[in-house]
Amino acid sequence: MKALGKAGSKRIGWPPLAVAAPFLWLAVFFAFPFLLVLKLSFSHPALAMPPYAPKMDWSHGLQGIGDFLKALSGVNYRRLTQDDLYFASYLSSLRFAAIGTAISLLIGYPIAYAMARCGPQARRLLLMAVILPFWTSFLIRVYAWIGILKPEGLLNAGLHALGLPGIDILNTDGAVYVGLVYAYLPFMMLPLYAALERLDPTLLEAAADLGASPTKAFWSVTVPLSLPGVAAGCLLCFIPMVGEFVIPDLLGGPDTLMIGKTIWTEFFSDRDWPSASAVAIILLVTLVVPILLYQRQQARALEAQR
Amino acid sequence: MTRPALNRGPSAFNIASLALGLGFIYLPIAILVIWSFNASKLVTVWGGFSTRWYASAFQNDQLMDAAWVTLRIGVFSATTATVLGVLAAIALAKVGGFRGRTLFSSMVYSPLVMPEVILGLSLLLLFVAVGFERGFWTVALAHATFTLSYVTVAVHARLVTFDKVLEEAARDLGCPPWRAFLTVTLPNIAPAVVAGWMLAFTLSLDDLVVASFTSGPGATTLPMRIYSQVRLGVSPEINAVCTLLIAAVAAGVLIWSLANRWQSRREAVATKPYAGA
């Protein structure tokens, strides 16, 4: 061991292991399974369990691979375009995610801004207060809303006490929005807060010296400088919201369409694995652009930190 | 000096939005906790304080089995994810250019934003393809895979800010790399490693979607059990279980932040002599 330490170059040491172990793990458990989903999405439709045709025949070498590729079929994708349900659930997922992200931004910005204006001690406490619920179960946080929103729940009890008519919101799209905003608000607030907290206060001072009103200074200095935080927060909310399953399933109604729910139903109720895979691949293709945008944004933020 | 607007302290509007925001974040959780102590079975009628739902939750064998399975999966997957995640963070922070670096970093960071439904489906297909019987181990492996990324993010952030000079000094003094890592770097990144483990553990405890796809008979996790009961409606017993989970997580986070504070205070004391030099 000692000889290895001395002989090994200073930069390399033991890091090859550091690269190899996680690399192999992710290749086996993350990258390879995607290829399986891709393959299954082009298989012939069949119900219930595998094996699915065509089957890759390794024993015939290249000939086998060629036969395999020829036997693949796009029938699952063709079926997706023929059934309006899939298209509708795509559009509806994107709409839920876009509106949910916008509402989160509208609610999250004033809170993050207020946090950034507090003293350092209060900031630390508030940050902790915002992060804490993020550690508690997602499922529990969504479940908590059922008790509030159901017809004989607390929301209606409160409305009746005020002499107002009750509303029937559980199992509607409205309840899904409440759930989405509630569950993803921390994802929006943390990047916003990070951007606002870093904001150089002398810039606002300069704006004030040059005669800008506080409102004008806010819109022409604070908002533009917080845009990286806005972008990160929006992507961090939008991407997972599109594929959300738990919220539409527990809070939404039978006609609430979301793609995550569609995959789940295809898979568990209809037992149509090839169709579920095809839907998953299209979802992934839809999300590739926002995911790449997010990664680029993160890389730029990391660069700026250095 | 006129004080800049951002440092002028919070205005009434700021305080109002903070109060409303924190209210929105905490109210549903608070209501859930309060209602778990309700003696009445009706979820909207307060029947007096009672802990009967906790007793009945503890007597519910299905729930207790699920809790035990979940705990074991959490410990195994968080530990595996921490080992691999720390290695991945070292690879990204310390090993310069290597072949497939871009592929590596995108594989590490993609699970963070990947919809759980896709992660679950793809892992299930893997286990089916290799004929691995689904159950405890498949869920544990799946959890280790998607929580690994979170550990890497937490540890990487700490590694980047950590002063490299210290490790280089140890190496210059003839310390082998692995020993320099164990005695200099590891103690410095330890808080991030612990935070990463805890994050991985809570994510595993929390996961419903990936577990539902990759689990088999005999390995029903607590979220799966809660989910199947929640679909039937609100039940006071589930409220009690949820309250216990919230309390456990809150206690964990609190202990960790206190320990962290103690550590940073100790660090501040330890570096004081150099500050004057």
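So, here is what we can say about the structure in this document. (Residues numbered from 1 in each chain as written. Chains lettered and ligands numbered in written order. Predicted model: local features only at pLDDT ≥ 70, side-chain atom pairs only at ≥ 80, totals over all residues. Heavy atoms only, no water.)

### Looking at the overall build of chain A
The condition that has to hold: Counting from the N terminus, the helices are the DSSP runs of H or I reaching at least four residues and the strands are the DSSP runs of E reaching at least two. Exposure is judged per residue with a 1.4 Å probe applied to protein chains only, and the accessible area is read against the type maximum: over 50% gives exposed, under 20% gives buried, and values in between give partly exposed. Here, residues are in contact when the closest pair of their heavy atoms is within 4.5 Å. Computed with a 1.4 Å probe, the accessible areas rest on the Shrake-Rupley method; for each residue, only the protein chains presented here act as cover.
Across its full length, chain A carries 14 helices and zero strands. Listed by position from the N terminus, the elements making up chain A come as α-α-α-α-α-α-α-α-α-α-α-α-α-α. Taking all 306 residues of chain A together, the buried fraction comes to 48%. Sequence separation of 24 or more characterises 73% of the internal contacts of chain A that already satisfy a separation of 6 or more. Looking at chain A as shown, the accessible area adds up to about 14,800 Å², and 70% of this sits on carbon and sulfur atoms.

### What about the interface of chain A and chain B?
Worth spelling out the cut-off: Simply put, the buried area is the total loss of 1.4 Å probe accessible area from both parts when two parts are fitted together. In the sections that follow, a salt bridge refers to a side-chain nitrogen of Lys or Arg positioned within 4 Å of a carboxyl oxygen of Asp or Glu.
Taken together, the contact pairs 91 residues of chain A with 98 residues of chain B. Around 8,600 Å² of area is buried between chain A and chain B when both sides are counted, 80% of it from carbon and sulfur atoms. It is R117(A), W135(A) and Y143(A) in chain A that bury the most area against chain B; as a group they hold 10% of the surface buried on that side. In this assembly, chain A and chain B are joined by one salt bridge. Looking at which element gives the most residues to the side of chain A that touches chain B, the answer is helix α2 (residues 15-41) of chain A, with 19 residues.

### Some details on helix α5 (residues 84-116) of chain A
The following threshold applies: Helices are assigned an expected span. That span is 1.5 Å times one less than the residue count. A residue's bend is simply the angle between two axes: one fitted to the seven residues ending at it, one to the seven starting at it.
Taking 1.5 Å per residue, 33 residues should reach 48 Å; α5(A) reaches 47 Å between its end C-alpha atoms and fits that length. The largest bend in α5(A) comes to about 30°, at G108(A), with the proline P110(A) one to four residues further on.

### With respect to the packing of α5(A) against helix α11 (residues 214-242) of chain A
Residue and element names in this part refer to chain A. Quick reminder of the rule: Here the axes come from fitting lines to C-alpha atoms, over the contacting stretch only for helices, and the angles between their N-to-C directions go from 0 to 180 degrees. Relative orientations are named as follows: roughly parallel for angles under 35 degrees, roughly antiparallel for angles over 145 degrees, roughly perpendicular for angles from 65 to 115 degrees, and oblique for any other angle. For any pair of crossing helices, the crossing counts as left-handed if the nearer helix is rotated counterclockwise from the farther one by less than a right angle, and right-handed if it is rotated clockwise.
Here α5 crosses α11 at 140°, and the two axes come no closer than 9 Å. By the angle between their directions, the pair α5 and α11 is classed as oblique. Pair α5 / α11 crosses with right-handed handedness. From α5, S93, L94, A97, A98, G100, T101, S104, L105, Y109 and Y113 reach across to α11, where they touch F218, T222, V223, S226, V230, C234, C237, F238, M241 and V242.

### Topic: empty space enclosed by the protein
So the rule is basically this: The distinction between a cavity and a pocket rests on a 1 Å grid over the protein atoms alone: a 1.4 Å probe fits inside a cavity but cannot get out, while a pocket stays open yet meets protein on both sides within 12 Å along at least five of seven lines, and a residue with an atom within 4 Å of a point counts as lining. Grid points are joined across faces, edges and corners, and a volume is the space filled by probe spheres set on the points. Each residue is assigned to one class: nonpolar for Ala, Val, Leu, Ile, Met, Phe, Trp, Tyr, Cys and Pro, charged for Asp, Glu, Lys and Arg, and polar for all the others, Gly among them.
Within the structure shown, the criterion is met by four cavities of 30 Å³ or more. Its volume calculated, the second largest cavity comes out at about 100 Å³. Residue lining of the second largest cavity: 13 residues in total, with S137(A), I140(A), L205(B), D206(B) and L245(B) positioned closest to the centre. Put simply, the parts of the chain that give the lining of the second largest cavity at least two residues each are α7 (138-149) of chain A together with α8 (177-206), α10 (222-230) and α11 (236-270) of chain B. Residue classes in the lining of the second largest cavity are distributed as nine nonpolar, three polar and one charged.

### A closer look at the side chain of S50(B)
Residues and elements named next belong to chain B. How we decide: What qualifies as a polar contact is a pair of N or O atoms within 3.5 Å, subject to a donor-acceptor requirement within protein and to the restriction that residues adjacent in sequence count only when both atoms come from side chains.
Here S50 is to be found in the loop between α1 (12-35) and α2 (52-59). Overall, S50 belongs to the buried group, its relative accessible area being 11%. Here R52 takes part through its backbone nitrogen, which lies 2.9 Å from a polar atom of the side chain of S50. If we skip the residues at most four places from it in the chain, S50 touches S36, F37, N38 and A39.

### Re the nonpolar core
As a reminder of what qualifies: By convention a nonpolar core is built from buried Ala, Val, Leu, Ile, Met, Phe, Trp, Tyr and Cys residues, the set being connected through side-chain atoms within 4.5 Å. The domain boundaries here were taken from an automatic or database domain assignment.
Counting 147 residues, the largest nonpolar core has V246(A) and I247(A) as the members making the most contacts within it. With 14 residues, the top contributor of residues to this core is helix α3 (residues 61-93) of chain B. When residues of this core are assigned to domains, at least three fall in each of domain 1 (14-73) and domain 2 (77-305) of chain A. Excluding residues within four positions of it along the chain, V246(A) makes contact with F138(A), L139(A), V142(A), L208(B) and V209(B). Judged by nonpolar contacts, the second largest core, of six residues, contains M198(B), L199(B), L203(B) and V249(B).

### Details of the packing of α3(B) against helix α4 (residues 101-113) of chain B
All names here are of chain B. At their nearest, the axes of α3 and α4 sit 11 Å apart, and the two run at 140° to each other. Relative to α4, the element α3 lies oblique. The two elements α3 and α4 cross, and the hand of that crossing is left-handed. Of α4, the residues touching α3 (which contributes A88, A91 and L92) are R101, F104, S105, V108 and Y109. Among the residues making up the contact of α3 with α4, the classes are represented as six nonpolar, one polar and one charged.

### Focus: the pattern of salt bridges
This model, assessed by the stated rule, comprises two salt bridges over all chains. For E197(A), the salt bridge goes to R123(A), with nearest N and O atoms at 3.3 Å. Of this pair, E197(A) sits in helix α9 (residues 173-198) while R123(A) sits in helix α6 (residues 120-135); the two residues are 74 residues apart in sequence, bridging distant segments of the chain. Residue D249(A) is joined to R231(B) by a salt bridge in which the shortest nitrogen-to-oxygen separation is 3.8 Å. With one member in each of two chains, D249(A) in helix α12 (residues 246-251) and R231(B) in the loop between α10 and α11 form a pair that bridges those chains.

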